[in-house]
Amino acid sequence: MADHLEDDEQVEALKRWWDENGKSTMAAVVLAVAGTVGWQQYQGWSTQQAELASDAWGAIEVALQSDDDRSTEDVRALAGALKDDFSRTVYARFAALQLAALAVEEGNLDVAESELRWALAKEDANSEMGQLIQLRLARVLADKGDTSAAMAILNSGMGAYPAAYATAKGDIYVSEGRHAEALGAYRDARAVLLALGNPPGILDTKITSIESRLASSEESS
């Protein structure tokens, strides 16, 4: 399975942003669309929905931190209920991402793909969340062996997460034995991280490994 650590960090960043700004942003958007007619009633309903969805997500986070043997089943049940009851909220997309992550851990890639496509259908594909969902989807498709579809997604845009997209491309190239292209992708990802002041982490290990592999191939030939 591909390493989703960077994706998890990005989800955490989105969660923090939503907790700080999401409800006020949603209210501003709704106000612009709805105008003044019935605004007070809609505002009350919208705020209530966001608060209830936030509480539901909080219950999922508690279950995720639990050591109980049933915690995974609890997360799955809570996330499914959140999707059903508050499908219009960003928390429903978070829930779908969590369900997809559980499915990946269990090796059920069809379920993971289904959850990610559900989340993507609810989200602007060009938003940061949309690009994150597509990154996860590309990794799942690659794990299923559909590397052409995965690369099509990764080539469609990487504005929000250029390093993560380039790393995912590198991982796919490695799986196909295209080591020179993988090295180029990993180096691109490393350059982006360094430009942002972030440590390259495991990328250095990947780069060194491929450089050694390519050097050995040249020597043997």
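Here we summarise the structure given alongside this text. Quick caveat, the model's predicted, so the values are computed rather than measured.

Observations concerning the pattern of salt bridges
Argument step 1. Within this structure, the stated rule accounts for 13 salt bridges.
Argument step 2. The partner of E181 in a salt bridge is R178, and the shortest N-O contact between them spans 2.7 Å.
Argument step 3. Taking the relative accessible area as the measure of exposure, E181 reaches 37% and is therefore partly exposed.
Argument step 4. Across the pair E211 and R187 runs a salt bridge, and its minimum N-O distance is 2.8 Å. With E211 in helix α10 (residues 202–220) and R187 in helix α9 (residues 179–195), the pair connects residues that are 24 residues apart, well separated along the chain.
Argument step 5. Taken together, the shared-partner salt bridges in this structure form one network comprising D110, E113, R117 and K144.

Here we look at a negative patch on the surface
Argument step 1. Taken together, the side chains of D67, D68, D69 and D74 make up a negatively charged region of the molecular surface.
Argument step 2. Its location among the elements puts D69 in the loop between α2 (39–64) and α3 (71–85).
Argument step 3. A relative accessible area of 78% places D69 in the exposed class.

Notes on the nonpolar core
Argument step 1. Core analysis: the largest hydrophobic core is formed by 55 residues, its most contacted members being W57, I60, L82, Y91, L116, L135 and L154.
Argument step 2. Broken down by element, this core gets its largest block of residues, 12 residues, from helix α4 (residues 90–105).
Argument step 3. Excluding residues within four positions of it along the chain, L154 makes contact with L135, A138, Y165, A168, K169 and I172.

Notes on α4
Argument step 1. Compared with the 22 Å implied by 1.5 Å per residue over 16 residues, the 23 Å span of α4 between its first and last C-alpha is a close match.
Argument step 2. Note on α4: the residue one or two positions beyond its end, G107, has a positive phi of about 80 degrees.

Some thoughts on helix α6 (residues 128–143)
Argument step 1. Between its first and last C-alpha, α6 extends 23 Å over 16 residues, near the 22 Å set by a 1.5 Å rise per residue.
Argument step 2. Of all the 16 residues making up α6, 14 are buried; the element is thus mostly covered by neighbouring parts of the structure.
Argument step 3. Just downstream of α6 lies G145, where phi reads positive at about 95 degrees.

What about the packing of α3 against α4?
Argument step 1. Packing of α3 against α4 leaves a shortest axis separation of 9 Å and a crossing angle of 145 degrees. Relative to α4, α3 is oriented so that their crossing is left-handed. Between α3 and α4, the residues in contact are T72, V75, R76, A79, G80, L82 and K83 and Y91, A92, A95, A96, Q98, L99 and L102, respectively.
Argument step 2. Classifying every residue of the contact of α3 with α4 gives 9 nonpolar, 3 polar and 2 charged.

Here is what the cut-offs are and how they apply
- Residues numbered from 1 in each chain as written.
- Predicted model: local features only at pLDDT ≥ 70, side-chain atom pairs only at ≥ 80, totals over all residues.
- Heavy atoms only, no water.
- Salt bridge = Lys/Arg side-chain N within 4 Å of Asp/Glu carboxyl O.
- Buried < 20%, exposed > 50% of the residue type's maximum accessible area, 1.4 Å probe, protein only.
- Helix = DSSP H or I, 4+ residues; strand = E, 2+ residues; numbered from the N terminus.
- Patch = residues over 30% accessible without salt bridge, like charges linked within 9 Å, V, L, I, M, F, W, Y side chains within 5 Å.
- Areas by Shrake-Rupley, 256 points an atom, 1.4 Å probe, with all protein chains shown as cover.
- Lys, Arg positive; Asp, Glu negative; His and termini not counted.
- Charge placed at Lys NZ, Arg CZ, Asp CG, Glu CD.
- Core = buried A, V, L, I, M, F, W, Y, C linked by side-chain atoms within 4.5 Å.
- Contact = heavy atoms within 4.5 Å.
- Expected span 1.5 Å × (residues − 1).
- Axes fitted to C-alpha atoms, helices over the stretch in contact; angles between N-to-C directions.
- Left-handed = near helix turned anticlockwise from the far one by under 90°.
- Nonpolar A, V, L, I, M, F, W, Y, C, P; charged D, E, K, R; others polar.

This is a description of form; function is not addressed.
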